[in-house]
Amino acid sequence: MAKRGGKSLFSLSTLLASFFGSAMIAAAFAYFNYKFAEYKFIDFNKWIFYEKKAIFKPSAEKYIVVFYSSRATNTAEMLANTNLNLPILAIDYYNKSFKNSKNTTFLRSGTKNSLSFIQRFNIYESPCIFFIKKSKDTLYKQDSMIRKLDNLKELSKTVDSL
């Protein structure tokens, strides 16, 4: 082993530095795996949503989910008239029934189901938006962070930023 100035090249500090470097990389990997696991799943066979009187059966590969309050003025009309490249699932907090439009499906459900949905996705404000993506037949995985919509008129800008 070569010595430099009386010290070995493989000192204890070099060994500890490589150990701590490896530990930091492992911690970063574990953190990002934890953050990825933060995204939730929704199974439309277990959670029943209704379009008018029929049970909703998802068919698209990806949806935009908008959780909103129909008590806000013109919310349902703005959602119905929104034209985006992905279909919208509009879930009303007050479970009012609205006519579906070309790109927007209005969903409602029972109180227990609505509360479970709010709890599962940690929804604290309305309106909010996120994407879901098909994993299996009726199982969809959250595909983005949940964001609060400041203004439904700016829905397309918010979708672009997700």
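Worth saying up front: this structure is predicted, and the values here are computed from it rather than measured.

The rules behind each value
- Residue numbering note: each chain is counted from 1, following its sequence as written.
- Totals for whole chains, interfaces and linings use every residue, but because this is a predicted model, local features are given only for residues with pLDDT of at least 70 and side-chain atom pairs only at 80 or more, for both listing and counting.
- Heavy atoms from the whole structure form the basis of all side-chain values; hydrogens and water molecules are not counted.
- Classification of ring pairs rests on two measures: the distance between centres of Phe, Tyr or Trp rings, Trp counted by its six-membered ring, which must be within 6.5 Å, and the angle between planes, read as stacked under 30 degrees, edge-to-face over 60 and tilted in between.
- Only DSSP runs of H or I reaching four residues or more are called helices, and only runs of E reaching two or more are called strands; each is numbered from the N terminus.
- Partly exposed describes any residue whose relative accessible area lies between the buried limit of under 20% and the exposed limit of over 50%, with all areas from a 1.4 Å probe on protein chains only and scaled to the type maximum.
- Definition used: whenever NZ (Lys) or CZ (Arg) falls within 6 Å of the ring centre and also within 35 degrees of the ring normal, the charge is taken to sit over that ring.
- The criterion for strand pairing is that DSSP finds at least two bridges linking the strands in question.
- Cavities and pockets are defined on a 1 Å grid built over the protein atoms alone: a cavity is a set of grid points where a 1.4 Å probe fits but cannot escape, while a pocket is an open set with protein on both sides within 12 Å along at least five of seven lines, and lining residues are those with an atom within 4 Å of any such point.
- Grid points are joined across faces, edges and corners, and a volume is the space filled by probe spheres set on the points.
- For the handedness criterion, the strands are oriented away from the viewer, and a crossover whose path from the first strand over the helix to the second runs clockwise is classed as right-handed.
- Like-charged residues are merged into a patch within 9 Å and nonpolar side chains (Val, Leu, Ile, Met, Phe, Trp, Tyr) within 5 Å, provided each residue has over 30% relative accessible area and no salt bridge.
- For the accessible areas, the method is Shrake-Rupley and the probe is 1.4 Å, while residue cover comes only from the protein chains on display.
- Salt bridges, as used here, are contacts in which a Lys or Arg side-chain nitrogen is within 4 Å of a carboxyl oxygen on Asp or Glu.
- Residues are treated as being in contact if the distance between any of their heavy atoms lies within 4.5 Å.
- For every residue, the pLDDT score states the predictor's confidence, bounded by 0 at the bottom and 100 at the top.

### Things to note about the packing of aromatic side chains
A complete count under the given rule lists 16 aromatic pairs for this structure. Centre to centre, the rings of W47 and F117 are 6.1 Å apart; their planes meet at 70°, and the pair counts as edge-to-face. Placement of W47 in the loop between strand 3 (41-43) and strand 4 (50-51) and of F117 in helix 3 (residues 111-120) is noted, with a sequence separation of 70 residues between them. By relative accessible area, which is 11% here, W47 ends up buried. Directly above the ring of F131 sits K62, whose terminal nitrogen or CZ lies 5.1 Å from the centroid.

### What to know about the pairing of strand 8 (residues 104-107)
Taking every second residue as pointing to the same face, both faces of strand 8 are buried, with T104 and F106 on one and T105 and L107 on the other. As judged from the 4 bridges shared by strand 7 (residues 88-92) and strand 8, these two strands associate in the parallel manner. For I91, the partnering residue across the bridge sits in strand 8 and is L107.

### Notes on empty space enclosed by the protein
Applying the stated criterion to the full structure yields 1 cavity of 30 Å³ or more. When its volume is computed, the largest cavity comes out at roughly 40 Å³. Every residue lining the largest cavity is listed: I42, F44, V65, L89, I91, L107, F117, F121, F130 and I132. The set of elements that each furnish at least two residues to the lining of the largest cavity consists of strand 7 and strand 9 (128-134).

### Points about the pairing of strand 7
With 5 of its 5 residues buried, strand 7 lies for the most part within the structure. Burial along strand 7 is two-sided: the residues I88, A90 and D92 and L89 and I91 are all buried. As judged from the 5 bridges shared by strand 6 (residues 62-68) and strand 7, these two strands associate in the parallel manner. Considered in strand 7, the bridge of V65 is made with L89. The parallel pair strand 6 and strand 7 is bridged by helix 2 (residues 75-80), and the resulting crossover is right-handed.

### Digging into the environment of A72
Along the polypeptide, A72 turns up in the loop between strand 6 and helix 2. For A72, a relative accessible area of 38% puts it in the partly exposed group.

### Digging into a nonpolar patch on the surface
Residues L12, L15, L16, F19 and F20 make up a contiguous nonpolar surface patch of roughly 550 Å² in combined accessible area. Within the secondary structure, L15 is located in helix 1 (residues 12-37). For L15, a relative accessible area of 55% gives the class exposed.

### Here's the deal with the side chain of S69
With respect to the secondary-structure elements, S69 resides in the loop between strand 6 and helix 2. Of the residues examined, S69 reaches a relative accessible area of 17% and is grouped as buried. The contact partners of S69, leaving out residues within four places of it in the chain, are T75, D92, Y93, Y94 and S126.

### Describing the confidence of the model for the chain
Residue-level pLDDT values for the chain average 84, and 85% of them are 70 or greater. Looking at the elements of the chain, mean pLDDT is at its lowest for strand 1 (residues 3-4), recorded as 55, and at its highest for strand 8, recorded as 95.

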